[in-house]
Amino acid sequence: MNMINCRRPSRSNRGGIWGWCILLLHISPLSCFANFSQAKELIYKIKEGLPTGTFIGAIGVDLKLDFTVQPPFLFNLPQKEVIQQYVNLNNTTGELYTSATEIDRETLCPDNSARHGCVLSLDVFLLPQQHFQLIKVKIIIEDVNDNRPKFPVNEICISVPENTHVSARFAVEHSAMDPDLGSHGVQTYWLVNDFGMFTLDVEENEGGELTPFLIVTEALDREKQAEYITDIIAEDGGTPPLLGAATFKIVITDVNDNCPQFTVTHINISLHGNTSKGAHLARLHAFDTDLGVNAQISYAYSDRVPRDTRSLFHLDKITGLIKLAAKIDSVTATFYKLTVLANGPGCIPAVATVTVHIIKDITGPPAVIPRYIAPEKEGVVTVKESEPAFSPIAFFTVKNIDKNQKVDCNLEGTGPFRLGPYKQFKNEYLLETTEPLDYEKTQDYDLIVVAKNTQGLVIKTYLKVQVLDENDNAPEFQQSLVEISIEENNPPNTFLTQLQATDLDGEGRGEVNYLLGGDAPGMFAVDRVTGVLTVATSLDREEKEKYRFIVRAVDQGTPRRESIATVLLTVQDRNDNSPRFINKDFTFFVPENFPGYGEIGVLSVTDADAGENGWVALSIINGSDIFMIDTGRGTLRTMTLLDREQQGTYHLWIEAIDGGQPALSCVAMVTVLLLDVNDNPPIVLFPQSNQSYMLVLPNTLPGTSITEVYAVDKDTGMNAVIAYSIIKRKGGEPGSFAIDPDTGNITLKRELNNRGLYSLLVKVSDHGQPEPLYSMVTVNFFVNETVSNESYIQSLLTKEADIEIEERPWYVGQMTEGPERYELCPCQPALIFLSVTCLGLFCLVVGLTAYICRNRFKKSRKRKSEVEMPLKMKNDSMQIVNGKLRQISDT
């Protein structure tokens with residue numbers, strides 16, 4: 001062992017010596033920095049023929065290096081000249097990429113077989129000094145179908161005698177070669193044109209080689225056609241398949257009657273590995289019954305025998321003797337197959353096969369040699385849990401066994417494994433699984449392969465099987481439906497819940513990240529690591545009461561697996577909304593005399609809150625013995641009859657209070673306007689009594705206004721419009737008096753020829769609906785120049801009252817006597833509608849009319865006082881007026 005002493009160099013020579021040390025790392029078994037770190041090995045797989053710049057692997061990432069350290073890592077290739085023609089290494093990140101030279105597996109590993117694989121090995125130094133590591137990188141080059149089958153010659157010529165019988169077979173010795181492996185190699189042969197005379201068959205020998213055979217399907221005649229030329233096609237098993245072609249020439253020969261024949265066509269030879277060079281192994285003998293030149297026989301190896309095999313076993317072409325020409329490698333070689341041809345003139349060669357079995361010399365006690373199929377390191381075999389049942393793990397070969405001894409192999413240990421002989425091979429045992437492995441149940445198994453011979457010798461081989469975890473389990477939420485409740489008006493970033501999901505996989509594959517689903521509103525957030533779910537904004541139940549969205553639990557395996565859960569968030573109500581009336585003010589129109597507890601109107605009020613917070617109670621703030629509120633429906637009702645003449649408008653303050661704690665409220669004003677109903681007849685103010693009278697001079701001229709009837713009505717609108725009419729008279733001729741229906745002014749129409757007492761029965765009626773109301777009054781006139789005897793006049797008034805005219809109280813109804821009887825208006829519904837809808841405007845008109853009428857009444861009374869005088873007044877004021885009238889009449 002070479003030991004290298006690394007002294008501390010001077011500052012000036014330190015760089016050079018470091019370079020030599022790095023170089024010696026790759027040469028010497030011991031390194032100057034062997035104590036820094038053990039070598040690590042990485043294996044990557046790529047396919048051949050990848051373009052320049054294709055990513056192979058990241059050394060730093062795969063080694064899980066911390067790139068934040070100082071000074072930073074530096075990756076270096078010591079064999080740059082050789083390696084960089086295939087791969088490029090990023091010195092700072094450790095990433096490997098393919099270089100400009102396309103990797104060709106067949107060129108890189110020309111003698112490689114499918115069993116060993118093609119590996120590009122390189123060493124990578126991890127620098128600087130304080131971080132030094134030696135990293136072994138193996139890049140396995142996987143085969144692709146990039147080579148066409150190729151025949152060793154461009155033209156293959158085969159001779160077929162013309163007397164060949166149908167179904168005769170001729171081996172085509174120049175088989176096609178395909179550097180690709182497995183199914184990418186040659187799979188079949190076929191002819192472009194078989195001329196209806198031939199066909200091809202393919203046979204596979206023990207070594208897996210395919211040999212095409214030409215089969216004659218029809219009788220041949222050289223005199224008709226001496227040769228047939230076509231193309232033979234070799235096809236591989238790629239997708240799509242690749243083809244190789246060669247010219248195939250079939251020559252029909254004229255042959256003699258007999259051809260060489262071997263006495264023995266198959267010879268088995270057992271050869272010890274220590275057999276000396278030059279030893280005679282076998283002598284082949286062929287004979288030809290012909291004589292002379294046609295009986296001459298020469299021996300030769302078939303073209304299918306490899307060149308190195310020919311050099312190992314020498315064949316005498318004259319005698320047919322086979323002898324050992326070189327020392328045998330008994331370690332790797334097990335047997336050789338020699339195909340020998342016996343050639344005669346114009347004959348098809350006879351074929352004999354010599355199989356040489358190499359017997360390895362036993363140099364020690366029996367041994368059990370494991371050969372691992374699954375990845376193995378230091379006696380620990382790793383098997384993925386995704387491997388199916390009956391996956392092979394290792395071969396165990398029992399060696400150095402005497403022929404007379406028998407060895408039994410069995411397996412000790414628990415687990416889904418079995419050990420058994422492998423097919424027909426002796427002393428070969430295969431260890432395989434009996435069912436799929438589950439990392440989550442058992443991570444490793446301890447097995448013992450026990451070999452015991454007939455002499456009682458026991459050989460034990462210990463094996464540890466470690467199950468590699470794979471991402472075969474998806475995370476699982478503890479609850480598939482997560483129900484959460486939160487009060488509205490929450491502060492921002494309020495904690496809602498912590499999601500919990502578990503993954504049975506190990507290492508990083510079992511780490512769970514939490515994500516929101518695509519349907520989650522933007523106001524929600526979840527911590528990827530802890531699963532804490534929060535809401536970033538304040539929630540308003542009145543805006544939205546329930547939120548339903550999906551949360552995801554994603555593991556870190558490859559491929560990633562995930563599961564989902566549904567979050568149902570209910571926003572609970574808080575009393576944060578006051579009751580609200582649909583209108584700020586309410587106005588209701590109600591006819592007077594409205595029945596008690598009748599429904600005036602409904603006060604609609606809403607509260608956006610829910611439950612008790614949304615329950616609303618109504619009350620009248622300013623108190624009233626007249627009105628009440630039905631809280632259930634919000635109905636305003638009257639408790640007594642309403643009389644517009646007593647009060648026409650009511651103003652109420654209504655308070656709405658919810659059931660929250662603390663309670664919230666709002667207030668609205670309600671105006672109740674009473675609509676007039678014709679419930680008051682006109683009241684006659686003048687004349688004040690049916691017993692009063694007025695003095696009318698006999699010389700009063702027609703057309704003179706002698707008096708008026710004045711009445712008022714407490715109702716409004718059409719119910720207060722008064723009409724005057726004379727329905728009866730006493731004394732005088734018909735038509736002597738006329739009354740203005742609107743003003744009640746009585747005018748003399750004819751001269752009064754007779755003195756005495758005249759009486760008029762005047763009807764004072766309103767225009768109310770559905771029936772007008774009216775009052776009756778008697779207007780008395782005493783026609784004379786003076787009033788000389790009041791007692792006489794009083795007796796006349798009393799007499800007339802007793803006989804013709806009586807002072808009757810007013811009544812409601814339609815009169816049934818008199819020539820001027822009022823009848824119901826045929827437009828009663830229309831007048832009711834107009835009176836209600838035009839109430840406001842009509843009240844103004846009535847007010848103005850009343851004001852004008854009062855002024856006219858005052859003027860008229862002043863004018864009449866000069867020509868009229870009441871005969872009797874019931875109070876002192878009227879007596880003063882009568883005295884003045886007497887004085888006027890006396891003059």
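Residues numbered from 1 in each chain as written. Predicted model: local features only at pLDDT ≥ 70, side-chain atom pairs only at ≥ 80, totals over all residues. Heavy atoms only, no water.

Visitor: Is there a simple way to explain the overall build of the chain in this structure?
Guide: Of regular secondary structure, the chain possesses 9 helices and 59 strands. Counting only residues that meet the buried cut, the chain has 41% of its 891 residues in that class. Of the contacts made within the chain by residues no fewer than 6 positions apart, 67% connect residues no fewer than 24 positions apart. Put simply, the chain shows about 49500 Å² of open surface, and 52% of that area lies on carbon and sulfur atoms. (Helix = DSSP H or I, 4+ residues; strand = E, 2+ residues; numbered from the N terminus. Buried < 20%, exposed > 50% of the residue type's maximum accessible area, 1.4 Å probe, protein only. Contact = heavy atoms within 4.5 Å. Areas by Shrake-Rupley, 256 points an atom, 1.4 Å probe, with all protein chains shown as cover.)

Visitor: Explanation requested: the sheet that holds strand 11 (residues 198-204) in the structure shown.
Guide: Strand pairs in the sheet, formed through backbone hydrogen bonds, run parallel or antiparallel to each other. Ordered by their spatial adjacency, 3 strands build an open sheet running 9-12-11, and the pairing between neighbours is antiparallel. The open sheet has two edge strands with one neighbour each: strand 9 (169-171) and strand 11. Recorded for the sheet is a direction-independent mean angle of 35° between the axes of neighbouring strands. Pairing of strand 9 with strand 12 (residues 210-216) involves 3 bridges; the strand directions are antiparallel. Bridging across to strand 12, Ala171 finds its partner in Phe213. (Pairing = 2+ DSSP bridges. Axes fitted to C-alpha atoms, helices over the stretch in contact; angles between N-to-C directions.)

Visitor: Hey, could you run me through the side chain of Thr638 in this one?
Guide: Turning to its location among the elements, Thr638 is positioned in strand 48 (residues 635-638). Looking at Thr638, the relative accessible area reads 0%, which means it is buried. The residues touching Thr638, leaving out its near neighbours within four places in the chain, are Phe594, Pro595, Gly596, Tyr597, Gly598, Ile600, Ile626 and Phe627.

Visitor: Would you take a moment to explain the pattern of salt bridges for this structure?
Guide: A side chain of one charge can pair with a side chain of the opposite charge when the charged atoms of the two come close. Applying the stated criterion across every chain yields a total of 21 salt bridges. We note a salt bridge from Asp630 to Arg637, for which the minimum N-O separation is 3.9 Å. You can call Asp630 partly exposed: its relative accessible area is 28%. Shared partners join several salt bridges into a network, and the residues in it are Arg541, Glu542, Glu545 and Asp573. (Salt bridge = Lys/Arg side-chain N within 4 Å of Asp/Glu carboxyl O.)

Visitor: Help me understand the state of the cysteines, please; the structure alone is not making it clear to me.
Guide: Linking two cysteines covalently via their sulfur atoms produces the bond known as a disulfide. Under the criterion given, the structure shown has 2 disulfides. Shown here is the disulfide that connects Cys259 with Cys347, its sulfur atoms set 2.5 Å apart. Because the sign of the S-S torsion sets the handedness, a value of about -85° for the bond joining Cys259 and Cys347 places this disulfide among the left-handed ones. Here Cys259, found in the loop between strand 14 (243-253) and strand 15 (261-262), pairs with Cys347, found in the loop between strand 22 (335-343) and strand 23 (350-359); they are 88 residues apart in sequence, far enough to count as distant. (Disulfide = S-S within 2.5 Å.)

Visitor: I tried to follow a nonpolar patch on the surface on my own but got confused; where do I start?
Guide: Side chains of Leu841, Leu844, Val845 and Leu848 sit close together on the surface and give an oily, nonpolar patch of about 400 Å² of accessible area. Since its relative accessible area comes to 54%, Leu844 is described here as exposed. (Patch = residues over 30% accessible without salt bridge, like charges linked within 9 Å, V, L, I, M, F, W, Y side chains within 5 Å.)

Shape is all these values report; function is a separate question.
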